[in-house]
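So the chains spell out like this:
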Amino acid sequence: MMTDHIKKLRKFFIEEKGQKAFRQSPVNPFILAEQFQENDTSPLDRATERLLYVLAHEKAVVFQNERIGFTRTIPVIPEIYTDSEMTKLSNNYHIHEKGDVCNINVDYAKLLSVGFEAKKTELEKNIVDFEKRGCLDEAHLEKQQIRILNGIEALAEKYKEAAKENKNPFLARTLSQVPQAAPRNFLEALQMFRIIHFCMWCGRNYHNTIGRFDQFMYPYFKKDMDNGIYTEETALELIEEFFLTFNRDSDMYPGMQQGDNGQSMVLGGMDEEGHDQFNSLSELCLKAAYDLHVIDPKINVRVHRHTPLSTYILGTNLTKKGLGFPQYSSDDIIIPGLIKLGYSKEDAYNYVVAACWEFIVPGKGMDIPNIGALSFAGAVADATTAHLLECETYQDFQDAIDANIRGACNDLMDSTKNVFLFPAPFLSLMMDGCVEKGKDVSLGCIYNNYGFHGTGLATAADSLINIRKYIYEQKTMTKEALLMTLNDDFKNENRICNIFRYESEKMGNNDDEVDAIAAHLLDTFSNALKGHRNDRGGIFRAGTGSAMYYIWHSKDLMATADGRHKGEGIPANYSPSLFCKNIGPVSIIKSFTKSDLSKCVNGGPLTLELHDTMFRNSESIEKVATFVKSFFDLGGHQLQLNAVDRDTLLDAQKHPEKYRNLIVRVWGWSGYFVELDKCYQDHIIQRIELST
């Protein structure tokens, strides 16, 4: 239960959004880019000067009772390229999203463990060495990094003085130690993390993940607990105050929708000896998220065959709150899958999730795990129109689809060539080998792999089972009739539409035949990428996530042989069709655990909506927890759950003013329902109509 202190902070930052009163007026977003263009400034210097500009213009806003400070006041981070420069860059390079380094997990310990002054000393020594060897570019990078660290220290000093003036001795005392020196206790470590994370956003790096917070913060936490500095209650209060900092400025963070900000925290998991790493800090993090009922940080729990039911019960209690998290990932599937892809054992055991669900390695992965997406449903639809008439057997038709998937994968891989990312000198301080080599992380790190999502798997499998059954096995429908029916969008063929849509076998009903088709499609996807290298030396990874592609890929998709009309939705992530009348939740998890997901470890969870009445008491909580555990015992790889009520969401669409705090899981993140675009709201409601 929240203390009065936390209730006041939550009311101010979350309900009243009092921090917004201190925000500065937006300035011309090209105020720097125009100067850079005129002076032909290098990419590295542009990125550096932008961050220094923001740090210098940030105002120190200190609230009297807070123990963890730093609140953003600059609403828009300036661009570093003009529109004409961006057009030229886009013509010559593959620009991923906004061009900034994003979606990676830095190793915060690289700064937390030493403090800024020690890091500057290390950089100064490197500069001397680089200059002796004539490595002037490397030396220049590290000089810029020293300037950035000085800029952050100057802002922290400004905060310290403001804290003194505002009679906030807690904050002033903490800022006397960090970030210039390493934190000595849990509070100082949390404040230093907040400063680092705050400054990452100030450089316009985004989807800044948190990583294994309960592992790299545990030594500070344990030391204070062992010394009696905190009780469980007072430690929980501090963690809750820390969690609120993730929600102060998040409305200004880049993302596809409000809430899509990638502030993902990973808890638990096993070490290389198989020991469970879920600890007392992990448990308090779950309790803090439960108490606060806010969308950040987004909680992820790593589980494995030895994870006790009690951990699942803690997670289920959080699911009951309707936050759409925790999201679970199975070490038993993910770790072997990453090792098979070439990750070292040590790194595979240390995996985290990126912004949504993609698996990356902290401090080592400059992966772009969302660089594109394959449409399974599109591959089937294209084969239907182009090849069905000429295919004598179902195997012929399956071969045509496989060829489509391989062709689409080749196109996707070709599209990733010549990636250009804007330099990220501050983040480079926290990535393996970058400081030692004088290298910016935008040019690559230990792992430089690219990941592709895979959308509409259930739509594709459900379509194929109908084509095989009615065209090739029962022969109750001709190929020409099917093509005409699909091209006419089931016009005057309601009976066929209903049979395909509601009376046929579906992925999610534990039907071996349709599930085997899905498994084959996934294998074809992963095999099509196997052995290929991107132009940064990395591999390509297949995944079962959809991100926003489930909206994009469905818009122009013709009618499909699962009874779906042209333009109707396809499922998000690795989930049953929107038309699947499930025979029960157990059938779903059985269906979705038959494929070998260790081959598709780019991530992508089974996404389920459970009615909120399934969480009514402790007995039902334990049943849901057992259900979740069963999914992983059967070989499931990733799972996210929504606890929702359809009527509530419909009423929220009509009366958004009554539901400002209503939270839902969208595709790999949680957001406030009333802040989503209507297409995302409608999709969630449609998923619920077929929920268990």
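Right, let's walk through the structure included here. Bear in mind that the values here come from a model prediction, so they are computed numbers and not experimental data.

A closer look at the packing of helix α6 (residues 116-132) against helix α7 (residues 136-165)
In step 1: Closest axis-to-axis distance for the α6/α7 pair is 9 Å, and the angle between their directions is 160 degrees. One element, α6, and the other, α7, form an angle in the roughly antiparallel class. Of the two elements, α6 crosses α7, and the hand of that crossing is left-handed. Seen from α6, the contacting residues are Phe-116, Glu-117, Lys-119, Lys-120, Leu-123, Glu-124, Asn-126, Ile-127, Phe-130 and Glu-131; seen from α7, they are Leu-136, Glu-138, Ala-139, Glu-142, Lys-143, Gln-145, Ile-146, Leu-149, Asn-150, Ile-152 and Glu-153.

Section: the sheet that holds strand β8 (residues 540-542)
In step 1: Here three strands make up an open sheet; going across it, the order is β6-β7-β8 and the pairing parallel. At either margin of the open sheet sits one strand with a lone partner, and together these are β6 (368-375) and β8. Ignoring which end each strand starts from, the neighbouring axes of this sheet average 30 degrees apart.
In step 2: Across three bridges, strand β7 (residues 450-455) lies against β8 in parallel orientation.

Here's the deal with the side chain of Asn-642
In step 1: Here Asn-642 is to be found in strand β10 (residues 638-644).
In step 2: A polar contact is formed between the side chain of Asn-642 and the side chain of Glu-609, at a distance of 3.1 Å.
In step 3: Beyond its immediate sequence surroundings of up to four residues, Asn-642 is in contact with Gly-324, Leu-608, Glu-609, Leu-610, Val-664, Arg-665 and Arg-687.

Focus on the nonpolar core
In step 1: Of all hydrophobic cores here, the largest spans 226 residues; its most connected members are Phe-186, Phe-213, Met-217, Phe-243, Ile-299, Phe-397 and Phe-426.
In step 2: Broken down by element, the residue count for this core peaks at twelve residues, all from helix α9 (residues 186-202).
In step 3: The contacts of Phe-213, once residues within four sequence positions are left out, are Leu-190, Tyr-218, Phe-242, Met-265, Val-266, Leu-281 and Cys-285.

Here's the deal with unusual backbone geometry
In step 1: Residues Asp-296 and Pro-297 are joined by a peptide bond in cis, for which omega reads -5 degrees.
In step 2: The residue Pro-297 is located in the loop between α13 (280-292) and β2 (298-303) in this model.
In step 3: The linkage connecting Phe-325 with the following residue, Pro-326, adopts the cis geometry, with an omega of 20 degrees.
In step 4: The residue Pro-326 is located in the loop between α14 (309-320) and β3 (327-330) in this model.
In step 5: For Asn-492, which is not glycine, the phi torsion reads 65 degrees and is therefore positive.

Quick notes on the pattern of salt bridges
In step 1: On inspection of all chains with the given rule, the structure shows 43 salt bridges.
In step 2: With a shortest N-O distance of 2.8 Å, Lys-143 and Glu-131 are connected by a salt bridge. A residue pair is termed long-range when its members are at least 10 positions apart, and Lys-143 in helix α7 and Glu-131 in helix α6 qualify at twelve residues.
In step 3: Exposure remark for Lys-143: the relative accessible area of 39% places this residue in the partly exposed category.
In step 4: Of the residues examined, Glu-131 reaches a relative accessible area of 36% and is grouped as partly exposed.
In step 5: Within this structure, Arg-50, Glu-79, Asp-100 and Arg-204 form a network of salt bridges that share partners.

Cut-offs applied
Residues numbered from 1 in each chain as written. Predicted model: local features only at pLDDT ≥ 70, side-chain atom pairs only at ≥ 80, totals over all residues. Heavy atoms only, no water. Axes fitted to C-alpha atoms, helices over the stretch in contact; angles between N-to-C directions. Helix = DSSP H or I, 4+ residues; strand = E, 2+ residues; numbered from the N terminus. Parallel < 35°, antiparallel > 145°, perpendicular 65-115°, else oblique. Left-handed = near helix turned anticlockwise from the far one by under 90°. Contact = heavy atoms within 4.5 Å. Pairing = 2+ DSSP bridges. Polar contact = N/O pair within 3.5 Å; in protein donor to acceptor, adjacent residues only side chain to side chain. Core = buried A, V, L, I, M, F, W, Y, C linked by side-chain atoms within 4.5 Å. Buried < 20%, exposed > 50% of the residue type's maximum accessible area, 1.4 Å probe, protein only. Salt bridge = Lys/Arg side-chain N within 4 Å of Asp/Glu carboxyl O.

The values are spatial; any link to function lies outside them.
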